[in-house]
Amino acid sequence: MVEWQKRIVENLEGITVSLDEEVPFDGDKCLSECSGLCCFDIQVMVDPFDVFRITRSKHVHENLGITDTTKLYEGEQPLLLYYVGRTSNMPFAIINFRRVKVLGKDVKIKKCPFLVPAFPKLYAEKEGNKGNKGGKGRYFVVARAGEPMICALEKAKPTICRSSPIGRALIFGGKDRKKEYRFIYKPPDPNCPACKTEKKVKVGDYIEEWHLINSYKYKDLFFDLICWLQEKKFQFPKDLIYKLGQILYNFDNPLTKNIIETYRKANGRTSGLEFAELYEVFKKMAEIVHEERQKRSLKKQANSKK
Ligand code: SF4
Ligand code: SF4
């Protein structure tokens, strides 16, 4: 568990909110008063659905010319980092924040690679499109250097960014391995101007306005999968978890493509897999690998006794 997750767990009761509750938030302040605090020096975790949306976003497709998920993880400064958690032994992906240089000097600040200058034309257009509410939900930010910046992913930004300062925590554990979801209210930064306000938004309305239900649906499926892997206690070695996890986070990895193709043929489908189906296929694969490993280890034991 990383630092910010620990802080959430420690303060869970204090930050839990209900859907009917009203919480302080004024999105206009993202534009008028903020220096983009929440796109610097934080950790943004992405789930497979976020990766799916990022890969198909206009920015990644048209501006960066990336059409293959694999490319998000490649190069000297990849956009995303994929890894297996040291203690959890679970596969995760995060946005690869990059060090900022001011006049050639490292200022020890890390910036999200999707935070890009909002060119005046684009800036004016967006502002005009959204009236004076352009800043809501971190649509615009003014970076620390004073230059107007924008999240290039726009609608494809990760769920965690779109929903902030509202979040959803999954509580999982205890003897009965019970799962529980809680909505939380947590300003992305202690100095977040948008949260230091008298203006209030209803949690339920905010979720609806930002179309978060669909993202939560896919996030839940992913959480289910992670919980399942932990429950099963497969105890796969890290390198195997790494390879299995790539199926989930890279839709263009040859293994994933192969699985999707096989599934499509077997089920007479013309389009790709739904996330729920991909997760089911993943479970089956993990089970097959597990059985094979067990068989091999039993065989080894039998041979050594001979
Ligand atoms: S949510 Fe808060 S910290 Fe993030 S850009 Fe808006 S005002 Fe700044
Ligand atoms: S994805 Fe967009 S909103 Fe999220 S941290 Fe990066 S620039 Fe900010």
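Everything numeric here is computed off the predicted structure, so don't read it as measured data.

## Here's the deal with the overall build of the protein chain
Stage number 1. Check the secondary structure of the protein chain and you find twelve helices and 13 strands.
Stage number 2. By the burial criterion, 26% of the 306 residues in the protein chain qualify as buried.
Stage number 3. Pairs at least 24 apart in sequence give 69% of the contacts found in the protein chain among residues at least 6 apart.

## A word on the site of ligand 1
Stage number 1. Residues in contact with ligand 1 amount to 13 residues; listed here are only the nearest, Cys30, Cys34, Cys38, Cys192 and Ala194.
Stage number 2. Grouping the constituent residues of the shell around ligand 1 by class yields nine nonpolar, one polar and three charged.

## Focus: helix 10 (residues 238-249)
Turn by turn, an α-helix covers 3.6 residues, leaving residues three or four places apart pointing in a common direction.
Stage number 1. The end-to-end C-alpha distance of helix 10, which contains twelve residues, comes to 16 Å, matching closely the 16 Å that a straight helix rising 1.5 Å per residue would cover.
Stage number 2. Taken residue by residue, helix 10 has Ile241, Gly245, Ile247, Leu248 and Tyr249 as its buried positions.
Stage number 3. Among the structural elements, helix 4 (48-55), strand 4 (80-84), strand 5 (91-95), helix 11 (254-266) and helix 12 (275-305) are those in contact with the buried residues of helix 10.

## A look at helix 4
Stage number 1. Listed as buried for helix 4 are Pro48, Asp50, Val51, Ile54 and Thr55. Projected down its long axis, helix 4 shows its buried positions confined to an angular sector of 155°, all on one face.

## As for the nonpolar core
Stage number 1. Judged by nonpolar contacts, the single largest core of 46 residues is most densely connected at Leu80, Ile95, Cys112, Phe114, Cys151 and Phe282.
Stage number 2. Top contributing element to this core by residue count: helix 12, with four residues.
Stage number 3. Of the domains in this structure, domain 1 (3-209) and domain 2 (223-305) are the two that each give at least three residues to this core.
Stage number 4. When neighbours within four sequence positions are excluded, Cys112 is seen to be in contact with Cys39, Val44, Ile95 and Phe97.

## A closer look at the environment of Val289
Stage number 1. Considering the arrangement of structural elements, one finds Val289 in helix 12.
Stage number 2. Residues Val289 and Phe236, spaced 53 residues apart in sequence, show a C-alpha to C-alpha distance of 9.3 Å.

## Considering the site of ligand 2
Stage number 1. Taken together, twelve residues form the shell around ligand 2, and within it Cys39, Cys112, Leu115, Cys151 and Cys161 come nearest.
Stage number 2. Partitioning the shell around ligand 2 into residue classes produces ten nonpolar, no polar and two charged.

## Describing the packing of helix 9 (residues 212-232) against helix 12
Stage number 1. Relative to each other, helix 9 and helix 12 sit at 10°, their axes nearing to 10 Å. With respect to helix 12, the element helix 9 is oriented roughly parallel. Residue-level inspection shows Tyr218, Leu221, Leu225, Trp228 and Leu229 of helix 9 in contact with helix 12, the latter providing Phe275, Ala276, Tyr279, Phe282, Lys283 and Ala286.
Stage number 2. Among the residues forming the contact of helix 9 with helix 12, the class breakdown is ten nonpolar, no polar and one charged.

## Re the pairing of strand 4
A regular strand places its side chains on the two faces of the sheet in alternate fashion.
Stage number 1. In terms of strand pairing, strand 4 meets strand 5 through five bridges, oriented antiparallel. When the sheet's bridge partners are listed, Tyr83 is paired in strand 5 with Phe92.
Stage number 2. Turn length for the strand 4-strand 5 hairpin, with the two strands adjacent in sequence and antiparallel, is six residues, and the turn residue Asn89 shows positive phi of about 55°.

## Focus: the environment of Pro165
Stage number 1. Of note, Pro165 is situated in the loop between helix 7 (159-163) and strand 11 (166-173).
Stage number 2. When the C-alpha atoms of Pro165 and Phe25 are compared, they prove to be 8.1 Å apart, with 140 residues separating the residues in sequence.
Stage number 3. Apart from residues lying up to four places away in sequence, Pro165 is in contact with Phe25, Tyr185, Lys186, Pro187, Pro188, Cys192 and Cys195.

## Section: the packing of helix 10 against helix 12
Stage number 1. Two elements in contact, helix 10 and helix 12, have axes whose closest approach is 10 Å; the angle formed by their N-to-C orientations is 160°. Relative to helix 12, helix 10 is oriented roughly antiparallel. For helix 10 against helix 12, the interelement crossing comes out right-handed. Facing helix 10, whose interface residues are Leu240, Leu244, Ile247 and Leu248, helix 12 presents Phe282, Met285, Ala286 and Val289.
Stage number 2. Looking at side-chain class alone, the contact of helix 10 with helix 12 contains eight nonpolar, no polar and no charged residues.

## As for the sheet that holds strand 5
Stage number 1. Strand order across the open sheet formed by three strands is 3-5-4, with antiparallel pairing between neighbours. Every interior strand has two partners, whereas the edge strands, strand 3 (45-46) and strand 4, have only one.
Stage number 2. Relative to strand 5, helix 10 is tilted by about 60°, and along the sheet it contacts strand 4 and strand 5.

## Section: the confidence of the model for the protein chain
Stage number 1. Residues of the protein chain with pLDDT of at least 70 account for 84%, and the chain-wide mean is 81.
Stage number 2. In the model, residues 120-145 has pLDDT below 50 throughout and makes 52 contacts with residues more than four positions away in sequence or in other chains.

## Some thoughts on the environment of Gly36
Stage number 1. By the element assignment, Gly36 lies in the loop between helix 3 (28-32) and strand 3.
Stage number 2. Here Gly36 falls in the buried class, since 23 other C-beta atoms lie within 10 Å of it.
Stage number 3. Counting along the chain gives 115 residues from Gly36 to Cys151, while the straight-line C-alpha distance between them is 10.0 Å.

## Points about unusual backbone geometry
Stage number 1. The residue after Ser164, namely Pro165, is reached through a cis peptide bond having omega 15°.
Stage number 2. The phi dihedral of Asp41 is positive, around 50°, even though this residue is not glycine.
Stage number 3. Assessed through the 14 C-beta atoms surrounding it within 10 Å, Asp41 is described here as partly exposed.
Stage number 4. A positive phi is found at His211, a non-glycine position, where the angle reads about 50°.
Stage number 5. Position of His211 among the secondary structure elements: in the loop between helix 8 (203-209) and helix 9.
Stage number 6. Judged by the 10 C-beta atoms lying within 10 Å of it, His211 is exposed.

Cut-offs used in this document
- Residues numbered from 1 in each chain as written.
- Chains lettered and ligands numbered in written order.
- Predicted model: local features only at pLDDT ≥ 70, side-chain atom pairs only at ≥ 80, totals over all residues.
- Helix = DSSP H or I, 4+ residues; strand = E, 2+ residues; numbered from the N terminus.
- Buried ≥ 20, exposed ≤ 12 C-beta atoms within 10 Å, placed from the backbone.
- Contact = placed C-beta atoms within 7 Å.
- Near = placed C-beta within 6 Å.
- Nonpolar A, V, L, I, M, F, W, Y, C, P; charged D, E, K, R; others polar.
- Expected span 1.5 Å × (residues − 1).
- Arc of directions from axis to C-beta.
- Core = buried A, V, L, I, M, F, W, Y, C linked by C-beta atoms within 7 Å.
- Domains from an automatic or database assignment.
- Axes fitted to C-alpha atoms, helices over the stretch in contact; angles between N-to-C directions.
- Parallel < 35°, antiparallel > 145°, perpendicular 65-115°, else oblique.
- Pairing = 2+ DSSP bridges.
- Left-handed = near helix turned anticlockwise from the far one by under 90°.
- pLDDT = per-residue confidence, 0-100.

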